[in-house]
Amino acid sequence: MNEAKPFCITKRDVWEAYKQVKANKGAAGVDGQSIEDFEKDLSNNLYQVWNRMCSGSYFPPPVRRVDIPKGDTGETRPLGIPTVADRIAQMVVKRFLEPILDPKFDKDSYGYRPKKSAHDALSVARRRCWDYDWVLDLDIESFFDDIDWELLMRAVRRHTDCKWVLLYLERWLRAPVCMPDGQLIHREKGTPQGAVVSPVFDLWMRREYPDVQFERYADDAICHCRSEAQAQDLRLALEKRLAECRLRLHPDKTKIVYCKDANRKGTFPERAFDFLGYTFRPRLAINRRGAHFVSFIPAVSKKAAVKMRRRVRAWRLHWRSDLDLDAIAEWVCPVLKGWVNYYGRFYPSQLRDELRTIDEFLVRWLHRKYKRFRGHTMKQWEWLRSLKRRRPDLFAYWTLKPMAG
């Protein structure tokens, strides 16, 4: 290690950070450089990151802003995309902070943590909705856009005094945002998702409400309560606590939900909530003996289903008569497998029903591809049913079946 460098960051740290960034993939930042482009001069590029971080001369470039659709309301959610080199530098800091901060998180905090996933959070939430009658569905208004930098850095300093970590965290907070039109916007508040302030919620909940179970994934959280009164009390307390952090609960999206099922037959206005792309609500289920009953369980949300169908329509499968069936399957199956792997974990028959629109496009493709099927609607659908029997694995959603729950 060069003693002339003010900060002790090893080349191995940068190399391991690069490997994680490469595994995560991701789009290019403002410089237009992809991971493949970065690797064309990998040794020199990694050396520059290491040399600048060690010397204190690393300054993050602007973050490219991309607006992605937010549900089916026409609204968008801003997404910041750093450059590849900047993601590697951030990963160096993340690898330093993670062993320090991870033990501070509660066991029921799942977002951006090693060996924890959204499916873990959903599975625990499903079980607790059976055990507790009420859920407080939290929505912090513009959490990542409005979080105060001073409070964030104060929280970080409680856990580390490492000078280079604090230096680069502040520089990342102050890095300008490059808008789609090229304009640079300098922010005065806000932070990327997965910020290190997240443990604050966990610690406060365990201190003030140790008996209330919750699941949190970044800024998305639900709390399980024994009674409506307990949920209302918790909501008021959280509003006060968030105000101290210069944040607020969304007045319309935060709600108290009754977990109605076959054994809980009360009548209340709110009986459903969304969490991590799933909607929890009363649904007809099948027990292990094959009998039907009503259970409070999750399935793919309507918002997620609308996004998927919009993506399917954009494929315009029925116009691709230049492709044979296997080529179409090879083209769309990576996306379909991703949907099935995530949204098919709970109540998979709902996802199967939502994706049946693909069947309609396949039938329309058949109509254009083969003249002998034109004008014979029944034969077209019989062809599809026969195909499903012969090759059920051709499209991932064809194998989805009801599960006991």
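As a reminder, the structure under discussion sits directly above these lines.
Analysis parameters
Residues numbered from 1 in each chain as written. Predicted model: local features only at pLDDT ≥ 70, side-chain atom pairs only at ≥ 80, totals over all residues. Heavy atoms only, no water. Helix = DSSP H or I, 4+ residues; strand = E, 2+ residues; numbered from the N terminus. Buried < 20%, exposed > 50% of the residue type's maximum accessible area, 1.4 Å probe, protein only. Contact = heavy atoms within 4.5 Å. Lys, Arg positive; Asp, Glu negative; His and termini not counted. Charge placed at Lys NZ, Arg CZ, Asp CG, Glu CD. Pairing = 2+ DSSP bridges. Axes fitted to C-alpha atoms, helices over the stretch in contact; angles between N-to-C directions. Core = buried A, V, L, I, M, F, W, Y, C linked by side-chain atoms within 4.5 Å. Phe/Tyr/Trp six-rings, centres within 6.5 Å; stacked < 30°, edge-to-face > 60°. Lys NZ or Arg CZ within 6 Å of the ring centre and 35° of its normal. Parallel < 35°, antiparallel > 145°, perpendicular 65-115°, else oblique. Left-handed = near helix turned anticlockwise from the far one by under 90°.

Chemist: Provide a residue-level description of the overall build of the chain, including the pertinent values.
Modeler: Across its full length, the chain carries 15 helices and 11 strands. Counting only C-alpha atoms, the chain reaches 80 × 60 × 40 Å along its principal axes. Out of the 405 residues in the chain, the part that is buried amounts to 45%. Considering only intrachain contacts with a sequence separation of at least 6, the fraction spanning at least 24 residues in the chain is 67%. Separation between the mean location of the 76 positive side-chain charges and that of the 54 negative ones in the chain comes to 6 Å.

Chemist: Talk me through the sheet that holds strand β3 (residues 134-139); I want residue IDs and the actual numbers.
Modeler: As summarised here, the arrangement of the 4 strands in space is β6-β7-β3-β8, forming an open sheet in which the pairing is antiparallel. Of all the strands in the sheet, just β6 (213-217) and β8 (255-258) have a single pairing partner and so form its edges. In this sheet, neighbouring strand axes are inclined to one another by 20° on average, regardless of whether the strands run parallel or antiparallel. Relative to β8, β3 runs antiparallel, the two being bridged by 4 bridges. In the strand pairing of β8, V135 is matched with V257. Along the sheet, helix α10 (residues 228-244) makes contact with β3, β7 (220-225) and β8, crossing β3 at roughly 20°.

Chemist: Go over the nonpolar core with me, naming the residues and quoting the values.
Modeler: Counting residues in hydrophobic clusters, the biggest one holds 53 residues, and the most contacted among them are F273, F275, F280, L336, W339, F395 and Y397. Among the secondary structure elements, those contributing two or more residues to this core are α5 (118-131), β9 (273-275), β10 (278-286), β11 (292-300), α11 (302-315), α12 (325-343), α14 (357-369) and α15 (377-390). Per-element accounting of this core gives the leading share, 10 residues, to α12. In contact with F273, not counting residues within four places along its chain, are C129, V135, D137, I222, K255, V257, Y278, T279, F280 and F296.

Chemist: Before we move on, could you go through the packing of aromatic side chains and cite the residues and values that matter?
Modeler: A complete count under the given rule lists 21 aromatic pairs for this structure. Arranged with centres 5.1 Å apart and planes meeting at 55°, the rings of W134 and Y258 form a pair that is tilted. Within this pair, whereas W134 is found in strand β3, its partner Y258 is found in strand β8, the two being separated by 124 residues in sequence. Like Y258, W134 is buried. One aromatic cluster is present, formed by Y278, Y342, Y343 and F346 through successive ring pairs. Here the basic side chain of R283 rests over the ring of Y347, its NZ or CZ set 5.6 Å away from the ring centre. Looking at R372, its charged tip hangs above the ring of Y370, at a distance of 5.1 Å from the centre.

Chemist: Requested: an account of the environment of K189, with residues and values cited.
Modeler: Relative to the helices and strands, K189 is located in the loop between β5 (184-185) and α9 (199-208). Taking the relative accessible area as the measure of exposure, K189 reaches 45% and is therefore partly exposed. Along the sequence, K189 and R174 sit 15 residues apart, while their C-alpha atoms lie 8.4 Å from each other. When residues no more than four places from it in sequence are discounted, the contact partners of K189 are D145, D146, I147 and W149.

Chemist: So what's going on with the sheet that holds β10? Which residues, and what values?
Modeler: Pairing is antiparallel across the open sheet formed by 3 strands, whose spatial order is β9-β10-β11. What marks the edges here is a single partner per strand, and that holds for β9 and β11. Sheet twist, expressed as the mean angle between neighbouring strand axes with direction ignored, is 50°. Note: β9 against β10, 3 bridges, orientation antiparallel. Bridge pairing in β10 links D274 to T279. Along the sheet, α11 makes contact with β9, β10 and β11, crossing β11 at roughly 55°.

Chemist: Go over the environment of D146, please, and point to the residues and values.
Modeler: Mapped onto the secondary structure, D146 falls in helix α6 (residues 143-146). For D146, a relative accessible area of 26% corresponds to the partly exposed category. For the pair formed by D146 and L247, sequence separation is 101 residues and the distance between their alpha carbons is 7.0 Å. Ignoring any residue separated from it by four or fewer positions in sequence, one finds D146 in contact with E141, K189, G190, R246 and L247.

Chemist: How would you summarise the packing of helix α1 (residues 11-24) against helix α4 (residues 84-101) if you had to cite specific residues and measurements?
Modeler: Between α1 and α4, the shortest axis-to-axis distance is 8 Å and the interhelical angle comes to 115°. With respect to α4, the axis of α1 lies roughly perpendicular. Along this stretch, α1 crosses α4, giving a crossing that reads as right-handed. Every residue of α4 that contacts α1 at D13, V14, E16, A17, Y18, Q20, V21 and N24 is listed here: R87, I88, M91, V92 and R95.

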